[in-house]
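Overview (structure and organization)
As a plain string of letters, each chain reads:
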Amino acid sequence: MRRRRTAGAALAALALAGGLLTASATTAAAGPGAGDARAEVSAESYTWKNVRIDGGGFVPGIVFNRSEKDLVYARTDIGGAYRWDQADREWIPLLDSVGWDKWGHTGVASLATDPVDPDNVYVAVGNYTNDWDPNNGAVMRSSDRGATWRTTELPFKLGGNMPGRGMGERLAVDPNDNRVLYLGAPSGHGLWRSTDAGATWSQVAGFPNPGTYVPDPTSDNNYLTDEVGVVWVVFDERTGSPGKRTQTVYVGVADKEESVYRSTDGGATWEAVPGQPTGYLPHKGVLDTAGGHLYIATSDTGGPYDGAKGQVWRYDTGSGTWTDISPVPEADTYFGYSGLTVDRQNPGTVMVTGYSSWWPDTQIFRSTDSGGSWTRAWEYSSYPNRSDRFTMDVSSVPWLTFGGSPAPPETAPKLGWMTESLEIDPFDSDRMMYGTGATIYGTEELTAWDRDEDFTITPMVKGLEETAVNDLISPPSGAPLLSGLLDIGGFRHTDLDRVPELMYQSPYMGSVSSLDYAEGSPDTVVRVGSSDTGRNIAFSTDNGANWFAGGSQPAGVTGGGTVAAAADASGFVWSPEGAGVHRTTGHGNSWTVSRGIPAGARVEADRVDPDVFYGFSGGTFYVSTDGGATFTASGAAGLPTGGSVRFKAVPGRQGHVWLAGGSGDAYGLWRSTDGGRSFARVDGVEEADTIGFGKAAPGASYQALYTSAKIGGVRGIYRSDDAGGSWVRINDDARQWGWTGADITGDPRVYGRVYVGTNGRGILRGDTAGTTDPGDPTDPPGPGPSGCAVTYKVTNQWQGGFQADVTVRNTGTAALDGWKADWSFADGQRVNQMWNASFTQSGDKVTASSAGWNARLEPGASAAFGFTGSWSKANGAPKAFRVNGAACATG
C-alpha cells in the first residue's frame, strides 16, 4: 500500500479556538533559560501558500457537475478535496480547515456535487476503517461550493486511504430530489440514506447485501481484512421528476456473486439485477440515460494497485439484457477495468481504463458504438515499438518523467498508472480528465481520437498538492528548501513558486526519510530513504543539485531511517532501518558501528562542533564527542519514553538542543543548553510534535522557533521570537491541514518564513504580513480613472458575533488583475473567518485580498466575499473603503 504517516495516540481530541486574533510578537534577546515562566500566547496574521510541486499523490475520483459547466471536483485519498477554477485553470483546496483532532477527515472516500443546486457539494471523509484512525467517518456538506462546511458524524469509519478507494462513487445526490442522498459504507455497514440534504443519516433497512469481498482474509494486517462494502450508487433520473424522488436506483457492491442491485420504488425494496455477470467486482457503474444503458467496469480485486483480470458489461435497462462488451477478451487481460465514463453530448460514446496495467503503461479504451467496438490509446506497431494516438506534454510538471528513459515499450512520461478515475466533461466532448497515482492528466482535443488525429495530454493539476512530507531542510545558502517526501522522493526547491524540474536522482529513492546538510559547509548534503535498487544513502557536494550513491552501506539495511552530517562535512552518522547506528568519515566508502547507542535511535548533529552528534531512543538522550564512534547516555531525566519524538540542534549555538514529542504526561517541548546533559521542559507547551529554527526577529539574538503544538489549549502552528518565553499562533482555523507532525523549519535567510510539512497537502510556506521577496509580485494596480465602489451589509448579528457580506465593483475603465480591499472598524470588531477572499487584520485595519478565481475584474464587474466577526459594545459599519489604495464610493 502507499505508505502514509499516522499520528497514533498523539491525536487526542482537542478543542480548537475559533477566530484569528492579530497581535505583534514580543521580541526579546532572552536565552533559553529565560523561558521557564508560563508561556504567553497571541496570534499573528500570516500569508500561506504551497511550495509548488503540483500533484504527487493518487487522485481516485474526479466529479463533474451535470448541470453547470466548468464545475468540477477532485478527491484525493489523504489530501482532501478540490474544486476546479476554470479562470485560472487550477484547483482550489477545500478541506484545509480540517484540524489535528480530526486529521482523518482529509481522506475523502467519496464526493458528490448536487445537480439540482450546484452550490451544494458533499464529501464522505475518513482515512482508515481500522484502528489507525481513532475517529469515525463523517459526511461534510457545503452550500457554498466548499468554502465552508457542516459536518455529520457517522457511527462507523470510512476509508479514504483503504483498499478499494478508487471504486465509486459511494456518495450520490438524487438528481430529481436533492434532499435525498445515498452513501455506500464499508465494513459490513451496508447502504445509508439521508432525506434532509445530508444533515442526518440512517441505514437502509431493506438493502440485502453489505458486500463480502475482503482483500486478503488470511492477512495479519487489518488494513487488508476489512470488507470493501457498498461502492457506488447510480440514479436513473428518467424515473423521477423535479422535486419527486427518483424511483430506480442502481447500487454496486463488492461481492463477486451478486454485485449489482436495483430499487424501482425509490429505495423501499431492493433486488439483485437478474442475469448479471459474476466472478468480478464492480469498480464503476455509469448510466447513459440517452441510450438506456448501464455500463459496469469490473476487476478481480479491489485495487487500486492490483488487478489481473476484468470485464466490461452493458445492461439494457429496457430489455433487461446483459452484454459482455469487454475491449479485450478475458483470457488476454492482465489487468482490471475502472475509470469508466460516457459522453453526455454523444450518446453511445464510452471510455474505460485498464487501471492496473502497470507495465508497460496504463491503457485507455474508447468506443463510439456503445461498446460494440473499441480503439486503444496505444497499441503495438511491431513489438516492442508502439503507436500512440496521443502526445504527452509535461513541460508544466517536468518531474513526471521521473528522470526515466526506458526502453520500448515503456515511455517516459507514462500515460499513467492506477487510473481509476476518468471523466469526459458532460458539456464538452473534447475535454477529458483522468487521475493517476501522481497527477491529474487531461486533454481538450479528445474527439481527435475518433478522426485518427494526434491529440495532446497535459497535466491539469496546478493547485492540487498531495505530497506527504518526511523531512525539510533550509540551508543558509543555496536553494532555500530541500524536501524529503514519501512516494516521489523529494526536491531541491530553487524557486518556491515554480514546479521543480526533477526529483532527486542518482540514485532515485521512492521515499526519502531524512536529509541533512553540514552547517558550516551547506553545499554538502546527505539523504537516506527507501529504494528498489537497494541504494539507501546518497551524497551531494553542490547543495543537492547533483547526487552520487554512497560507496557502500552497512549490511542489513532495509530503509532510510535518519542521518546526520558533521558541521564541517567531515563525517556522517546514519541510523538506518534494519541495521544499527553507523558512522563514516568519507562518503560512505566504509562504515563502522557506532557503540553505545541502540539500533533505531534518531540521530542529529551539533550545528557548531563537528565532533558532536546526538541520539535519542526510548526516553534516553545520547551524546557522541568523537564524531559518532561512541555514544554515551547523557543522564538527562524526564524525557518522553513513548510516542513519536523529534529533536534538532540550533544553528550557531553549540550544545543547544530542542526536543518535541511524547505521549500522555510526558508530551511537550524540552530544551538543553549543555549538549544534552540536562533538559528543561518548556512550561505552557502542552503538546509539541515538531521543532524548527529560522532567522531571528529584528533586535533578537536567538533564532526564531517554530513548532506544531498545542499551547493554551489550542492546536496550531506557532512561532516564538524569545526562545520559548512567548508564542504567537501563525495559522488560523481555516488553515490547519490535518496532521502537521512530520517536520517544520524556518528559513535562516528570511525572518518569519516557515515551511510546514503535511500528510497529504504538501509543503506549506508561511510568511509574515511584512515579508516581501524581491521576486514576489508587486501589489496589483489601482482602479482606472473612475475608481471603485464597495457595498457592506451585515446579514446576521447575534450577541458578540455577526456575519457581513461585501461587494467590490470596478467602476474604472481598466480591468483589475487582482484586488485588495481595506477598511477600518470604528468599534473594535475582529474578523474571525472569511470566504471568497483572504484577509489580514492589524488593529482596526482589515485587508481582504482576492482569491485566484475572482481576482480579475473587468470594468463594471464585481466580486463578493463574506466573513464572520466578533464585536462587543457596538457593530457600526466602516465609513470608508479603499481598493488597491484608491478611495471607493460606498453604498
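Remember, predicted model here, so these are calculated numbers, not experimental data. (Residues numbered from 1 in each chain as written. Predicted model: local features only at pLDDT ≥ 70, side-chain atom pairs only at ≥ 80, totals over all residues. Heavy atoms only, no water.)

Check the secondary structure of the protein chain and you find zero helices and 72 strands. The globule rule puts the C-alpha radius of gyration for 891 residues at 29 Å, and the 28 Å found for the protein chain is close to it. C-alpha extents for the protein chain along the principal axes are approximately 80 × 70 × 50 Å. Within the protein chain, the proportion of its 891 residues that are buried is 61%. The long-range share in the protein chain, meaning contacts at least 24 apart out of those at least 6 apart in sequence, stands at 56%. (Helix = DSSP H or I, 4+ residues; strand = E, 2+ residues; numbered from the N terminus. Rg over C-alpha atoms; globule rule 2.2 N^0.38 Å. Buried < 20%, exposed > 50% of the residue type's maximum accessible area, 1.4 Å probe, protein only. Contact = heavy atoms within 4.5 Å.)

Here we come to the nonpolar core. In this structure, Trp 91, Trp 399, Leu 415, Met 433, Ile 440 and Ile 763 are the most contacted members of the largest nonpolar core, which totals 51 residues. Of all the elements, strand 31 (residues 432-435) adds the most residues to this core, at three residues. Once residues within four sequence positions are removed from consideration, Trp 399 is found in contact with Ile 53, Asp 54, Gly 55, Gly 56, Ala 438, Ile 488, Phe 491, Val 499, Pro 500, Glu 501, Leu 502 and Met 503. (Core = buried A, V, L, I, M, F, W, Y, C linked by side-chain atoms within 4.5 Å.)

Right, let's get into the sheet that holds strand 67 (residues 845-850). Strand order in the open sheet formed by five strands is 66-67-64-70-71, and the pairing between neighbours is antiparallel. Of all strands in the sheet, those bounded by a partner on one side alone are strand 66 (837-842) and strand 71 (886-887). When strand 64 (residues 820-824) meets strand 67, the two strands line up antiparallel, connected through five bridges. Counted as the bridge partner of Lys 820 is Ser 849 from strand 67. (Pairing = 2+ DSSP bridges.)

To continue, consider a nonpolar patch on the surface. Where nonpolar side chains cluster on the molecular surface, the patch consists of Trp 358, Trp 359, Tyr 380 and Tyr 383 and spans about 460 Å² of accessible area. Mapped onto the fold, Tyr 380 is located in strand 27 (residues 378-382). (Patch = residues over 30% accessible without salt bridge, like charges linked within 9 Å, V, L, I, M, F, W, Y side chains within 5 Å. Areas by Shrake-Rupley, 256 points an atom, 1.4 Å probe, with all protein chains shown as cover. Salt bridge = Lys/Arg side-chain N within 4 Å of Asp/Glu carboxyl O.)

Per-residue confidence for the protein chain gives a mean pLDDT of 92; residues scoring 70 or more make up 93%. Considering only residues more than four positions removed or in separate chains, one finds that residues 1-38, a stretch of pLDDT under 50, has 122 contacts. pLDDT under 50 marks residues 774-786. Its contacts with residues more than four places away, or in other chains, come to 24 contacts. (pLDDT = per-residue confidence, 0-100.)

On to the pairing of strand 62 (residues 801-810). Within a regular beta strand, the side chains point alternately toward one face of the sheet and then the other, so they alternate between its two faces. Where strand 61 (residues 788-798) lies against strand 62, ten bridges are found, and the strand directions are antiparallel. What sits directly across from Thr 791, in strand 62, is Thr 807.

What follows deals with the sheet that holds strand 4 (residues 72-75). Pairing in this open sheet of four strands is antiparallel, and the strands run 3-4-5-6 from one edge to the other. Lying at the two open borders of the sheet, with one neighbouring strand each, are strand 3 (61-64) and strand 6 (90-93). Within this sheet the neighbouring strands show an average axis-to-axis angle of 30°, counted without direction. Note that strand 4 and strand 5 (residues 81-85) share three bridges and pair antiparallel. Across the sheet, Arg 75 pairs through a bridge with Ala 81, a residue of strand 5. (Axes fitted to C-alpha atoms, helices over the stretch in contact; angles between N-to-C directions.)

Let's shift gears to the state of the cysteines. Think of a disulfide as a covalent bridge from one cysteine sulfur atom to another cysteine sulfur atom. Taken as a whole and assessed by the stated rule, the structure comprises one disulfide. A sulfur-sulfur separation of 1.8 Å characterises the disulfide bridge that pairs Cys 788 with Cys 888. Taking the torsion about the S-S bond as the criterion, the Cys 788 to Cys 888 disulfide, at about -90°, is left-handed. Residue Cys 788 is located in strand 61, and its partner Cys 888 is located in the loop between strand 71 and strand 72 (889-890); the two are separated by 100 residues in the primary sequence. (Disulfide = S-S within 2.5 Å.)

Relative to the helices and strands, Ser 726 is located in strand 57 (residues 726-729). Using a relative accessible area of 9% as the deciding quantity, one classes Ser 726 as buried. Polar contacts involving the side chain of Ser 726 include one to the side chain of Asp 722, which spans 2.8 Å. (Polar contact = N/O pair within 3.5 Å; in protein donor to acceptor, adjacent residues only side chain to side chain.)

A separate point is the pairing of strand 23 (residues 338-342). Extensive coverage of strand 23 is indicated by the burial of five of its five residues. As paired strands, strand 23 and strand 24 (residues 350-354) are joined by three bridges and run antiparallel to one another. Directly across from Thr 341, in strand 24, lies its bridge partner Met 351.

On to the pattern of salt bridges. Under the defined criterion, the tally for this structure stands at 35 salt bridges. A salt bridge links Arg 431 to Asp 425; the nearest nitrogen and oxygen atoms lie 2.9 Å apart. By relative accessible area, which is 2% here, Arg 431 ends up buried. Owing to a relative accessible area of 0%, Asp 425 belongs among the buried residues under this scheme. Among the salt bridges present, the one from Asp 767 reaches Arg 753, with a minimum N-O distance of 2.8 Å. Separated by 14 residues along the polypeptide, Asp 767 in strand 60 (residues 763-768) and Arg 753 in the loop between strand 58 (744-746) and strand 59 (754-757) bring together distant segments of the chain. Exposure remark for Asp 767: the relative accessible area of 7% places this residue in the buried category. The exposure class assigned to Arg 753 is buried, which follows from its relative accessible area of 3%. Residues joined in a network through salt bridges with shared partners are Lys 49, Asp 497, Arg 753, Arg 765 and Asp 767.

Aromatic rings in a pair are described by how distant their centres are and how their planes are angled relative to each other. Counted by the stated rule, this structure contains 43 aromatic pairs. Linked through ring pairs, Tyr 792, Phe 802, Trp 819, Trp 823, Phe 825, Phe 865, Phe 867 and Phe 881 together constitute an aromatic cluster. The ring of Trp 547 is capped by Arg 527, whose NZ or CZ atom sits 4.4 Å from the centre of that ring. We note Arg 607 situated over the ring of Tyr 517; from NZ or CZ to the ring centre the distance is 4.9 Å. (Phe/Tyr/Trp six-rings, centres within 6.5 Å; stacked < 30°, edge-to-face > 60°. Lys NZ or Arg CZ within 6 Å of the ring centre and 35° of its normal.)

What follows concerns unusual backbone geometry. Backbone torsion omega between Gly 168 and Glu 169 reads 15°, so that peptide bond is classified as cis. Assignment of secondary structure puts Glu 169 in the loop between strand 10 (150-153) and strand 11 (171-173). The omega angle of the peptide bond from Ser 506 to Pro 507 is 5°, so this bond is cis rather than trans. Summarising the element assignment, Pro 507 is placed in the loop between strand 36 (492-493) and strand 37 (511-518). For Ser 187, which is not glycine, the phi dihedral falls at a positive 60°. Relative accessible area serves as the criterion here: at 22%, Ser 187 is assigned to the partly exposed category. Positioned with a positive phi, Ala 569 is a non-glycine residue whose angle comes to about 70°.

The next point concerns the environment of Gly 198. Looking at the element boundaries, Gly 198 is found in the loop between strand 13 (191-194) and strand 14 (202-203). Since its relative accessible area comes to 0%, Gly 198 is described here as buried. Along the backbone, Gly 198 and Asn 178 are 20 residues apart, and their C-alpha atoms lie at a distance of 9.6 Å. Setting aside residues no more than four positions away along its own chain, Gly 198 makes contact with Tyr 122, Arg 141, Thr 152 and Leu 181.

The next subject is the environment of Lys 244. Structurally, Lys 244 is set in the loop between strand 15 (230-235) and strand 16 (249-253). Residues in contact with Lys 244, not counting those within four places in the same chain, are Asn 176 and Asp 177.

For Ala 199, the position within the fold is in the loop between strand 13 and strand 14. For Ala 199, a relative accessible area of 27% corresponds to the partly exposed category. In the structure, Ala 199 is positioned 504 residues away from Gln 703 in sequence and 48 Å away in space, judged by C-alpha atoms. If near-sequence neighbours (up to four positions away) are discounted, Ala 199 is found in contact with Arg 141, Thr 152 and Ser 194.

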